[in-house]
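Geometric and topological summary
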Amino acid sequence: VHLRARTNTIGAVARIRHQLAYATHSFFDENGFLYIHTPIITTSDCEGAGEMFQVTALFSQAEKVEKELKENPAPSEADVEAAKLVVKEKGDAVAQLKAAKASKQEITAAVSVLTKAKENVLRVEERSKLKPGLPLKGDGKIAFENDFFKRQAFLTVSGQLQVETYACALSNVYTFGPTFRAENSHTSRHLAEFWMVEPEIAFANLQDDMNCAERYVQYLCKWLLKHCREDMEFMVKHVDKTAIERLELVSSTPFERISYTKAVEILEGVDKKFENKVEWGIDLASEHERYLTEVIFRRPVIVYNYPKGIKAFYMRLNDDQKTVAAMDVLVPKRLVN
């Protein structure tokens, strides 16, 4: 693995990713956006789906306690009572010295011994509570109040919640950083870790959002053609013969824009049998998206106003009460003649 970066393919990918990241910051800076760093560890489930990687120190704490208990077993109730008895004896000794009007030096020494005995009781009582395994509450649930953050914490699935607050204060902002999804789907379309660009535009509507997305995608394509020509030619030769052709198409062609409802109507009317049935309310499959971009329109397509049932809860509900103001940018993989 440590030699992988020396290969031509991985080297080209690394240079292309570098240029794409640089171009991303350049685009948003040129368009008046501020870059906001949002937390990677969070207590919020931004998407509401619950498919998050949990961050906890409880397991390492439990292992440490278990090891400690093996080496030095927890005190029994008898040990605790014995320690308390010592405190009583030392306390009586101090009382007797005071009653006998002993010297200050003798009383001070006895009080010091009593203080140490009390501290020992606290240590013994604390250790007597140690138990192997995860800490549990009375109802059997995990006691996260004993965890590092005193509550459940996760790797972020999105910086959107945090960056929205900055948009309300600073207008146009964006975040660009690692996000994590614990979806149990091991396909090339589902990554456990990836970097995501999330702009937030103040005082904007869906049309403004689509305009920004189109300009951003075209900006990246033009940037690659200008700054990564040699690496892209390598990709054409060894990985994807249409890579440069597709970059030129996307960078120079206005994106088609159709509503989800119109897209479904088009797909229902074509003379082609899809593996996934086309009907209003479904989440468009890859074959549907590719047919729209590669066969019907032969260019990038923005599909907007999706059914509310297949989009996240925070999407703005449209006046028809059936669709939400959401959009996806679809790009052709190859053009079909």
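An unreviewed UniProt entry annotates the protein chain as Asparagine--tRNA ligase originating from Aegilops tauschii subsp. strangulata.

Quick notes on the sheet that holds strand 2 (residues 41–42)
In any sheet, the strands associate via hydrogen bonds between backbone groups, in a parallel or an antiparallel arrangement. The sheet built from 3 strands is open, its strands ordered 2-4-3 with antiparallel pairing. The open sheet is flanked by strand 2 and strand 3 (54–55), the only strands paired with a single partner. In terms of strand pairing, strand 2 meets strand 4 (residues 153–155) through 2 bridges, oriented antiparallel. Pairing of Ile-41 across the sheet is with Leu-155, part of strand 4.

Focus: the confidence of the model for the protein chain
Per-chain confidence: the protein chain averages 92 in pLDDT, with 98% of residues scoring 70 or above. Between the elements of the protein chain, mean pLDDT differs from a low of 90, seen in helix 2 (residues 58–71), to a high of 98, seen in strand 1 (residues 34–35).

Points about the packing of helix 9 (residues 260–269) against helix 10 (residues 286–296)
Where helix 9 meets helix 10, the closest approach of the two axes is 11 Å, and the angle between their N-to-C directions is 80 degrees. With respect to helix 10, the axis of helix 9 lies roughly perpendicular. In this structure, helix 9 contributes Ala-263, Ile-266 and Leu-267 to the contact, and helix 10 contributes His-288, Tyr-291, Leu-292 and Ile-296. Its residues assigned to classes, the contact of helix 9 with helix 10 comprises 6 nonpolar, 1 polar and no charged.

Overview of the packing of aromatic side chains
Overall, the coordinates contain 15 aromatic pairs when judged by the stated rule. Taking 5.1 Å as the distance between ring centres and 20 degrees as the angle between the ring planes, the aromatic pair formed by Tyr-35 and Tyr-174 counts as stacked. On the criterion of sequence distance, the pair formed by Tyr-35 in strand 1 and Tyr-174 in strand 5 (residues 173–180) is long-range, its members being 139 residues apart. A network of ring pairs unites the aromatic residues Tyr-22, Phe-27, Phe-28, Phe-33, Tyr-35, Tyr-174, Tyr-216, Tyr-219 and Trp-223 as a single cluster. Here the basic side chain of Lys-311 rests over the ring of Tyr-306, its NZ or CZ set 4.4 Å away from the ring centre.

Here we look at the nonpolar core
One finds Ile-258, Tyr-260, Leu-267, Phe-274, Leu-292, Phe-297 and Val-303 to be the most contacted residues of the largest nonpolar core, which totals 20 residues. Here this core gets 5 residues from one element, more than from any other, and that element is helix 9. Excluding anything up to four places from it in sequence, Ile-258 contacts Ala-263, Ile-266, Leu-292, Phe-297, Val-301, Ile-302, Val-303 and Tyr-304.

Remarks on a nonpolar patch on the surface
On the surface, a nonpolar cluster with roughly 390 Å² of combined accessible area is contributed by Ile-40, Ile-41, Phe-148 and Phe-149. Within the secondary structure, Ile-41 sits in strand 2.

Some points on the UniProt feature "domain: Aminoacyl-transfer RNA synthetases class-II family profile" (unreviewed entry) in the protein chain
With numbering aligned to this structure, UniProt lists the feature "domain: Aminoacyl-transfer RNA synthetases class-II family profile" (unreviewed entry) at residues 173–331. Strand forms 22% of residues 173–331 and helix 40%; the C-alpha atoms that close the span are 25 Å apart.

Thoughts on the UniProt feature "domain: WHEP-TRS" (unreviewed entry) in the protein chain
Sites flagged by UniProt as "domain: WHEP-TRS" (unreviewed entry) map to residues 79–135. What you have in residues 79–135 is 81% helix and 0% strand, and the ends, taken at the C-alpha atoms, are 23 Å apart.

Focus: the side chain of Glu-200
On the secondary structure map, Glu-200 appears in strand 6 (residues 193–200). Among buried Asp, Glu, Lys and Arg side chains, Glu-200 stands out as unpaired, with Arg-181 the closest opposite charge at 12 Å. The contacts of Glu-200, once residues within four sequence positions are left out, are Phe-33, Gln-160, Val-163, Glu-164, Ala-167, Ser-171, Asn-172 and Val-173.

Some thoughts on the sheet that holds strand 6
On the basis of which strands lie adjacent, the open sheet formed by 3 strands has the order 1-5-6 and mixed pairing. Edge positions in the sheet fall to strand 1 and strand 6, since each has one partner strand and no second. Of the strand pairs in this sheet, strand 1 and strand 5 are connected by 2 bridges, and their pairing is parallel. When the sheet's bridge partners are listed, Tyr-35 is paired in strand 5 with Tyr-174. Here helix 1 (residues 8–30) sits on the sheet and contacts strand 1, strand 5 and strand 6; the angle it forms with strand 5, its principal contact strand, is near 150 degrees.

Parameters at a glance
- Residues numbered from 1 in each chain as written.
- Predicted model: local features only at pLDDT ≥ 70, side-chain atom pairs only at ≥ 80, totals over all residues.
- Heavy atoms only, no water.
- Pairing = 2+ DSSP bridges.
- Helix = DSSP H or I, 4+ residues; strand = E, 2+ residues; numbered from the N terminus.
- pLDDT = per-residue confidence, 0-100.
- Axes fitted to C-alpha atoms, helices over the stretch in contact; angles between N-to-C directions.
- Parallel < 35°, antiparallel > 145°, perpendicular 65-115°, else oblique.
- Contact = heavy atoms within 4.5 Å.
- Nonpolar A, V, L, I, M, F, W, Y, C, P; charged D, E, K, R; others polar.
- Phe/Tyr/Trp six-rings, centres within 6.5 Å; stacked < 30°, edge-to-face > 60°.
- Lys NZ or Arg CZ within 6 Å of the ring centre and 35° of its normal.
- Core = buried A, V, L, I, M, F, W, Y, C linked by side-chain atoms within 4.5 Å.
- Buried < 20%, exposed > 50% of the residue type's maximum accessible area, 1.4 Å probe, protein only.
- Patch = residues over 30% accessible without salt bridge, like charges linked within 9 Å, V, L, I, M, F, W, Y side chains within 5 Å.
- Areas by Shrake-Rupley, 256 points an atom, 1.4 Å probe, with all protein chains shown as cover.
- Salt bridge = Lys/Arg side-chain N within 4 Å of Asp/Glu carboxyl O.
- UniProt positions renumbered as here; feature names shortened; annotations may be inferred.
- Lys, Arg positive; Asp, Glu negative; His and termini not counted.

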